Amino acid sequence: MNPFCRILLFALFFSNATAWASAPYFIAGKVVDEKGAVVAGATVFISGSQKVTVTNDEGRFIFNSIDAGTYHLSVQMLGYNSLTQNVMVQTESVNLNLTLKVKPIVLNTVNIGGDGNWAKNYELFKRHFLGITPNAQHCKILNPEVISFGTQGKKLTAEADELLIIENKLLGYRIRYLLKSFNCTPAMHTASYDGDPIFEPLQGTDADSTNWAANRLNTYKGSLMHFLRAVYTNSVLQEGFIANQLYVLKNSFGNFHADPRPVKFDTIVNVLDTSFVAAKFNSLYINYDPKKAAELATMSADSVKKRLIMSPTGSVLNLYLKEAVIDRRGNYVDYRTFLLQGLWGRRGLADQLPFEYQPNIATK
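Bear in mind the structure is a predicted one, so any value in this text is a computation, not a measurement.

What to know about the confidence of the model for the chain
Averaged over every residue, the pLDDT of the chain is 86; residues scoring 70 or more account for 84%. Ignoring residues within four places in sequence, the model shows residues 1–21, a span with pLDDT below 50, making 30 contacts including any to other chains. A low-confidence stretch, residues 107–114 (pLDDT under 50), is modelled with 13 contacts involving residues beyond four sequence positions or located in other chains.

Some remarks on the sheet that holds strand 1 (residues 25–33)
Note on sheets: strands pair through backbone hydrogen bonds, and any given pair is parallel or antiparallel. Taking strand neighbours across the sheet as the criterion, the 3 strands line up as 4-1-7 in an open arrangement whose pairing is mixed. Of all strands in the sheet, those bounded by a partner on one side alone are strand 4 (60–66) and strand 7 (94–100). Between one strand and the next, the sheet's axes are offset by a mean angle of 20 degrees, whatever the strand orientation. Pairing geometry for strand 1 and strand 4, over 5 bridges, is antiparallel. Each bridged residue has a counterpart across the sheet, and for Gly29 the counterpart in strand 4 is Phe61.

Observations concerning a nonpolar patch on the surface
Taken together, the side chains of Tyr320, Leu321 and Leu339 define a hydrophobic patch exposed on the protein surface, amounting to about 280 Å² of accessible area. Among the structural elements, Tyr320 can be located in the loop between strand 19 (315–319) and strand 20 (324–327).

Thoughts on unusual backbone geometry
Of note, Ser65 is a non-glycine position whose phi angle comes to about 55 degrees, a positive value. Structurally, the position occupied by Ser65 is in strand 4. Judged by its relative accessible area of 57%, Ser65 falls in the exposed class.

A few points about the pattern of salt bridges
Applying the stated criterion across every chain yields a total of 8 salt bridges. We note a salt bridge from Glu123 to Lys126, for which the minimum N-O separation is 3.4 Å. Of this pair, Glu123 and Lys126 are both found in helix 2 (residues 118–129), 3 residues apart, which corresponds to roughly one turn of the helix. Judged by its relative accessible area of 23%, Lys126 is partly exposed.

Looking at the environment of Asp194
Here Asp194 is to be found in strand 13 (residues 190–201). When the C-alpha atoms of Asp194 and Leu179 are compared, they prove to be 6.4 Å apart, with 15 residues separating the residues in sequence. Sequence-distant contacts of Asp194, defined by excluding residues within four places in its chain, comprise Tyr177, Leu178, Leu179, Lys180, Ser181 and Tyr335.

Some details on a negative patch on the surface
Side chains of Glu145, Glu159, Asp161 and Glu162 sit close together on the surface and give a patch of like negative charge. When you line up the elements, Glu162 lands in the loop between strand 10 (155–160) and strand 11 (164–168).

Some details on helix 5 (residues 224–232)
For helix 5, the tally of buried residues reaches 9 of 9 residues, placing the bulk of the element in the interior. Inspection of helix 5 places Leu224, Met225, His226, Phe227, Leu228, Arg229, Ala230, Val231 and Tyr232 among the buried residues, and these make up the whole buried set. Looking at the residues trailing helix 5, positive phi occurs at Asn234, about 55 degrees.

Details of the pairing of strand 20
The two faces of strand 20 match: Ala324 and Ile326 on one face and Val325 and Asp327 on the other face are all buried. Note that strand 17 (residues 276–279) and strand 20 share 4 bridges and pair antiparallel. Note that in strand 20 the partner of Phe276 across the bridge is Asp327.

Considering the nonpolar core
Core analysis: the largest hydrophobic core is formed by 31 residues, its most contacted members being Phe125, Phe129, Leu130, Ile141, Ile147, Leu164 and Ile166. Of all elements in the fold, only helix 2, strand 8 (139–141), strand 9 (147–152), strand 10, strand 11, strand 12 (173–185) and helix 4 (206–220) reach the threshold of two or more residues within this core. When neighbours within four sequence positions are excluded, Ile166 is seen to be in contact with Phe129, Leu130, Cys139, Lys140, Ile141, Tyr173, Arg174, Ile175, Tyr177 and Leu349.

Definitions and cut-offs
Residues numbered from 1 in each chain as written. Predicted model: local features only at pLDDT ≥ 70, side-chain atom pairs only at ≥ 80, totals over all residues. Heavy atoms only, no water. pLDDT = per-residue confidence, 0-100. Contact = heavy atoms within 4.5 Å. Pairing = 2+ DSSP bridges. Helix = DSSP H or I, 4+ residues; strand = E, 2+ residues; numbered from the N terminus. Axes fitted to C-alpha atoms, helices over the stretch in contact; angles between N-to-C directions. Patch = residues over 30% accessible without salt bridge, like charges linked within 9 Å, V, L, I, M, F, W, Y side chains within 5 Å. Areas by Shrake-Rupley, 256 points an atom, 1.4 Å probe, with all protein chains shown as cover. Salt bridge = Lys/Arg side-chain N within 4 Å of Asp/Glu carboxyl O. Buried < 20%, exposed > 50% of the residue type's maximum accessible area, 1.4 Å probe, protein only. Lys, Arg positive; Asp, Glu negative; His and termini not counted. Charge placed at Lys NZ, Arg CZ, Asp CG, Glu CD. Core = buried A, V, L, I, M, F, W, Y, C linked by side-chain atoms within 4.5 Å.

Structure follows, in structure tokens:
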């Protein structure tokens, strides 16, 4: 493609991206077991959203009013292994045929050190799973008894027989979470987990709703979701983010070299189509500072000071895969895409918002 045409396409796409106007599609499907028998009453939900349904007597389900984007569809049914499938909606609706496998019966649950050590493991689990932010302090797991712990070498593992139910009183959500994996290395103070959340807004008074709206907006500002949406619309500096390229990343956060000049995202982001962009980089240092970002937006690259001062509120975004495919909602195709350090690394489920969330522009 002619370079000028490519630049023109890029500019035209981004100038219209914030409109969020796209043709409505649907995601539908049928759920059966390994013998082809219909599975009725299975819970089907779109991870990270407020969209949940159950299969009917014919094993069918449908989600209407779906915009183009990437979705993680999960199916949960008692007696079967949970199933998760990535779905990309681009130019047409999607029909799926999903097969659930019978879950093997496990007779014994392993708890490290017996029941007496469960509480210690549970506190460690909460710290990494919910995070260590003010939001996390107001989160409560309502059914902790479904969690069991085990070991793999020096790692602590956790699994849950049922969906975890978490109440986030500061943001006003009840979250049901399908925990697929949890691994923690206590000696290294590191952990990783994977799963699928469903968000349900809590019911409250008008005062509660006002507080929740303010807390959600505060949580959204400077979040990974906010940043990725800004990447999609090519408005990173305008949204208050300063991103710098890391050239050397050493073992501890804050001990690395970075280019003091803000990253120009039109040099690392390619438009895939009208629904997705792809970003390619190694590691970025990202700080949310709207005032400083506004100043940098009017400066030339040569006038930027050569010394970069790292902030304890900064984040490091490491790209693990070949590229990060991002849609307009700030969602990305593969959960393994990023490794987070710094502020974003300290945030867990307590600081997540459903992808339907949109900030109130009037108060932004």
